[in-house]
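Commentary on secondary and tertiary structure
Each chain, written out:
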Amino acid sequence: MAGLLISRRNLLLGAGALAAAGWPLRMAWAAGAEEAPRGGRLVVAADSEPRTLNPAIVASNGVFFIASKVIEPLAEAMMDGEGGLAPRLAKSWEGSEDGLSITFKLREGVTWHDGEPFTSADVAFSAMEVWKPLQNLGRVVFANLDTVETPDAHTAIFRFSAPTPIQLIRNALPVVTSVLPKHLYEGTDIAANPANKAPVGTGPFKFAEHRPGEYYRLTRNDAYWGEGLPKLDEIIFRVLPDRAAAASALEAGEIQLAAFSQVPLVDLERIASVPGLKVVTEGYEALTYQLVVEINHRNEILADQMVRQAISHTIDRDFVVDTVFLGYAQAATGPVPQNAPQFYNPDVKPYSFDIERANRLLDEAGYPRGEDGKRFSLRLLPAPFFSETRQFGDYLRQALGKVGIDVTLVNNDTPAHLKAVYTDHDFDIAVGSPVFRGDPAISTTILVQSGIPDGVPFSNQGGYANAELDTIIDQAAETIDTEARTALYNDFQRIVVEDLPLINVAEWGFTTVASDTVLNVGNNPRWPVSSWTDTALAS
Amino acid sequence: MHRALTLTRRRIVSSIPVLLIVIVGTFLLLEAAPGDAVDAYLLSLGGGDAGLVAELRQSYGLDQSLLKRLTLYVGALLRFDLGWSVTFDRPVLDLIAERLPNTLWLMGAATALAFSLGSFLGIVAGARPGSLTDRALSTGSLALYAVPSFWLGLVLVLVFAVDLRWFPTAGIETIASGKTGLARVADIAWHLVLPVSALGFIYLALFLRMMRTGMTEAWRQDFVLFARAKGLARRRIVLRHVARNALLPLVTMLGLQAAAMLGGSVVVESVFAIPGFGRLAHEAVSGRDAPLLTGIIIVSAMLVIVVNLLVDIAYAALDPRVGSGEAAS
Amino acid sequence: MNRVAGRLLHSPEGVAGLCLLVLLAAMALAAPLLFPGDPLVIVGRPLTAPFTDPTLPLGTDRLGRDVAAGLMHGAQTSLLVGLATALVALAAGALVGTVAGLAGGLVDEVLMRVVDAFQIVPGFLLALAFVSVTGASLPVIIFAIALGAWTGPARLVRAEVLSIRERDYVAAARVIGMHPAEIALREVLPNALPPVLALTAVIVATAVLVEAALSFLGLGDPNVVTWGSMIAEGRNVLRTAPHLSIVPGLGLVATVLGVYLLGEGLADAMAGREARG
């Protein structure tokens, strides 16, 4: 099992697993789009420029943010769709009983932006030549994919060499199945193809131009298969690397939308009161990030379960949610977030904020306070990915200081942090921000599984090994029956919470700030990285 | 003219070893850094398995030894090839050619602002050393100097872009406006007003104080005393004799400040989202992009050398006492 | 020396600078007495406004840390960054400058090319790269800023050494058989020092500002509080809680002003001039 987990706003992956069991309904989702006028140019803030715009190779949120409007997946996440999915290039899909094949019926009458017809050959090519060998997530999900048969132009049958849970494939569809045009990629060096920078897809918008350091421009695809869609004539992604810049540009009316919390949380309350601007928290339900404390079990103090439990009791999760996240988050109870009802186990016992208990546990574990009131010292590496991970690092240092654990913060930039934690294991505790991708098999399990080679980012590099957990993870990977598979993950959560290979602190989605004139914002669970066909500007 | 040529030739010859030191130093620094270009990329990738990581390292040539990469790089450099940027997946030369003009505009305008306004205010202050005007200007400019440029930039944006809406909040020109020629120049100039102010006001103090000090000194010199004795009008003495003499060291200062301003543009370009050299350098560092960072440093070093050369030539032309030797080192 | 001090006390610049710096130093020294313990500790409700809670006179920041404690302890670290940087830069610069000046020939040539190399690379870029790759801790930050600051003193010292070298008392020392290092230490350096000291003001002020800019880019030391990191953090709430960046900003302004004014007064005093006006 290889790795994937992740992190950074922008850059990440979010997958969608939206169980049929349903999202907490926060608002009545109107059937269809708000009545929206056609036309107009939407200017959006982008905080970075991905080096490729090919989501079939790099399935990350930074790439999707721009490329998902140009290149479409087989299915997209949807609040009230069947199985949490809405058909895109595939109209329907069905798995066989034995878990060895899945049949996709594809949409007819779809053309690429260059006028060529879209067929099952494109899907077969993308799956076998791109997703399986090249894509960061596809390498895992499609590891056992043998062949893709194309009995006709609009049917693709995926055949696997080992049973593959349909639940996993379904949950991964929005993220791992961006389809590329075979006629542009076949016979070329796929990773170096010019279309990676100027993508050609079937989506509602065509790629027009990229001015590095300034903006990306997408224009309306008049031949889009969706009737009367898209609504907008043009989307501009304006590059604004500094976070304060997005808020200023919104207030000055230079841009109309900033997603992924580009407007800092501290500024939200004020900006919400600016006439003409709205704050939208919907649209991130399938893009949940988790705030975790990663632990190096090679440190013999931390190898003691009681010490880890004491640390967990030291953290005031409500304070973290209210202060670090200003309420735009939820306290975590375990490794699966609460807004993944398909898998979440509500029966795990949360760790209360209990300093006395923490002190007692540390005493019992054999680490009494010394003369100076200190029990032992730890080096804490907060991930530099978000201001929230850093601030939580500041908080954790203070919190642990109260129970006599002396903490030194180590501030690294991104490459140095990844190297220190995931390759060199040069840390005691670290603050991380993995993303939940809709299915534990492609996000959570890698955080606790043993035997992962050094250097795999966002994986268990703390030297933790638990045979019982490893067995559950392996079993779940080949359990076809959805209920049995879910039950295994329930056990998984229970054991993780008790033994604490890592400590889950909070779960958060992002916020979007938009001008009141932008319609249909946040109306699907992966909204910022979806295709925006129905997004419109009020005149 | 001959003197300028000699000076130029001498400067070019002596800068070759200097550039070599810079190249090797940059490479060694990034080599010593924890995490390489692949580590930097993994975050935006969101993770990958061990095989993917190894493949990436190989495709970027990071599996080769430092010496091998360094020789390859210097070899390519001799063919005027600055190499390939891993972070942007594009030739370094293209990136630099694209970003350098923006930074040159920014720096040029900021220098002009700091120099002209600084020396003007310096003359005002130095005209009556010790006067209230003098003290107010000297202290005020110092206070401005003490404000971090990012903070000054943010405040300027809030006041003049968000509240008053006189200027745009960020960027180098209006997006996809299709403007050309003079209209485009005017558009860029309009976008540059705030960033140039943020950068220029900081250095204003240096020129102001230098001018003022120079003037204070000039007042004591014989020819000024003589002019005063002759009963020339104070205004005339100030402009004709005192200020003119005090201007020379400012020219030298111009050369010294070139490197500092280039550094200052890193922060200002981040605040104003200007696709310039400084921001590129920051991106190169956080991407552990050795060819890009080295390219940037080489080009900025050459820029500094050229500016200093120009300053020396100007100085030699202005002040006949300076020979063809090292003028301002 | 007394005459220098006397002149200094007669120059308004020198006196103003001295007062400011004495005040700041007092703040720095009093910090552990008035606000014992870690200034980063969370003591109150986040974003308490200033002058609303008598125990927290300047309010709290985003995490609920005492701004007044941060300001006082920040004086300590910010002054430390400035002074330590100047010390490192001066020591390195004086060493290289003296060696180059005394040795001459090839050694001089090589050392001066190295000086050139450091001088043409923008100092902030150098500090940024160095801190990014070495990790942001206070000693590293100080060293990184000094990397871009030592060339000025090196050039100055070398120039002074060259001009002094041939003077009578140095020549005399050589004749009586003093070791070159001894000559450097006893005769040359003390004479070269005054103009270098004037440069110190610039280095100290720049160091404090560069530290702030590094914090802005996320490269500060999170274990200590500096004015730079307070401003960098406060900028996100510039509209809602402007005091969070203005209060430490005033500290910064006072430091830079103080250092500059004192430097100016000192330079005048040592040059043997009465300040005018």
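Look up: the structure comes first, before these words.
Attention in this report is confined to the structure presented alongside it. Keep in mind that this is a model prediction, so the values were computed, not measured.

Description of the packing of helix H11 (residues 277-286) of chain B against helix H5 (residues 123-134) of chain C
- It is at 10 Å that the axes of H11 of chain B and H5 of chain C come closest, and there the two elements cross at 20°. Considered as vectors, H11 of chain B and H5 of chain C are oriented roughly parallel to each other. Classified by chirality, the crossing of H5 of chain C by H11 of chain B is right-handed. Facing H11 of chain B, whose interface residues are Ala281, His282 and Val285 of chain B, H5 of chain C presents Leu125, Leu128, Ala129 and Ser132 of chain C.

A word on the sheet that holds strand E4 (residues 90-95) of chain A
Residues and elements named next belong to chain A.
- Strand order across the open sheet formed by four strands is E4-E5-E7-E6, with antiparallel pairing between neighbours. Looking at which strands have only one partner, the edges of the open sheet turn out to be E4 and strand E6 (145-152). Ignoring which end each strand starts from, the neighbouring axes of this sheet average 20° apart.
- Running over the sheet, helix H2 (residues 120-134) touches strand E5 (101-106), E6 and strand E7 (155-160) and is turned about 170° from E6.

Structural notes on the interface of chain A and chain C
- Contacts between the two partners involve 23 residues from chain A and, on the opposite side, 23 residues from chain C.
- In terms of surface lost to chain C, no three residues of chain A exceed Val266, Gln398 and Asn411 of chain A, which account for 27% of the buried area on that side.
- Between chain A and chain C we count two salt bridges in total.
- Between Arg397 of chain A and Asp38 of chain C there is a salt bridge; the shortest N-O distance is 3.1 Å.
- Summed over the shared surface of chain A and chain C, the number is eight residue pairs in polar contact (both at pLDDT 80 or more).
- Elements that contribute at least two residues to the side of chain A that touches chain C include exactly helix H6 (243-251), helix H7 (265-272), helix H9 (317-324), helix H11 (387-402) and strand E16 (405-409) of chain A.
- Broken down by class, the residue content of the side of chain A that touches chain C amounts to nine nonpolar, six polar and eight charged.

A word on a nonpolar patch on the surface
- On the surface, Leu9, Val15, Leu18 and Val22 of chain C cluster together into a nonpolar patch covering about 320 Å² of accessible area.
- As for its position among the elements, Leu18 of chain C is in helix H2 (residues 12-34).

Digging into the pattern of salt bridges
Residues and elements named next belong to chain A.
- The full count for this structure, using the stated rule, is 34 salt bridges over all chains.
- Between Glu149 and Arg159 there is a salt bridge, with the nearest N and O atoms lying 2.7 Å from each other. Of the two residues, Glu149 is situated in strand E6 and Arg159 in strand E7; the sequence distance between them amounts to 10 residues.
- Overall, Glu149 belongs to the partly exposed group, its relative accessible area being 35%.
- Arg159 sits in the partly exposed class, given a relative accessible area of 32%.
- Across the pair Asp426 and Arg379 runs a salt bridge whose closest N-O atoms are separated by 3.1 Å. Note that Asp426 is positioned in the loop between helix H12 (414-423) and strand E17 (429-432) and Arg379 in strand E15 (residues 376-382), a separation of 47 residues in sequence.

What counts, and at which threshold
- Residues numbered from 1 in each chain as written.
- Chains lettered and ligands numbered in written order.
- Predicted model: local features only at pLDDT ≥ 70, side-chain atom pairs only at ≥ 80, totals over all residues.
- Heavy atoms only, no water.
- Axes fitted to C-alpha atoms, helices over the stretch in contact; angles between N-to-C directions.
- Helix = DSSP H or I, 4+ residues; strand = E, 2+ residues; numbered from the N terminus.
- Parallel < 35°, antiparallel > 145°, perpendicular 65-115°, else oblique.
- Left-handed = near helix turned anticlockwise from the far one by under 90°.
- Contact = heavy atoms within 4.5 Å.
- Pairing = 2+ DSSP bridges.
- Buried area = accessible area lost by both parts, 1.4 Å probe.
- Salt bridge = Lys/Arg side-chain N within 4 Å of Asp/Glu carboxyl O.
- Polar contact = N/O pair within 3.5 Å; in protein donor to acceptor, adjacent residues only side chain to side chain.
- Nonpolar A, V, L, I, M, F, W, Y, C, P; charged D, E, K, R; others polar.
- Patch = residues over 30% accessible without salt bridge, like charges linked within 9 Å, V, L, I, M, F, W, Y side chains within 5 Å.
- Areas by Shrake-Rupley, 256 points an atom, 1.4 Å probe, with all protein chains shown as cover.
- Buried < 20%, exposed > 50% of the residue type's maximum accessible area, 1.4 Å probe, protein only.

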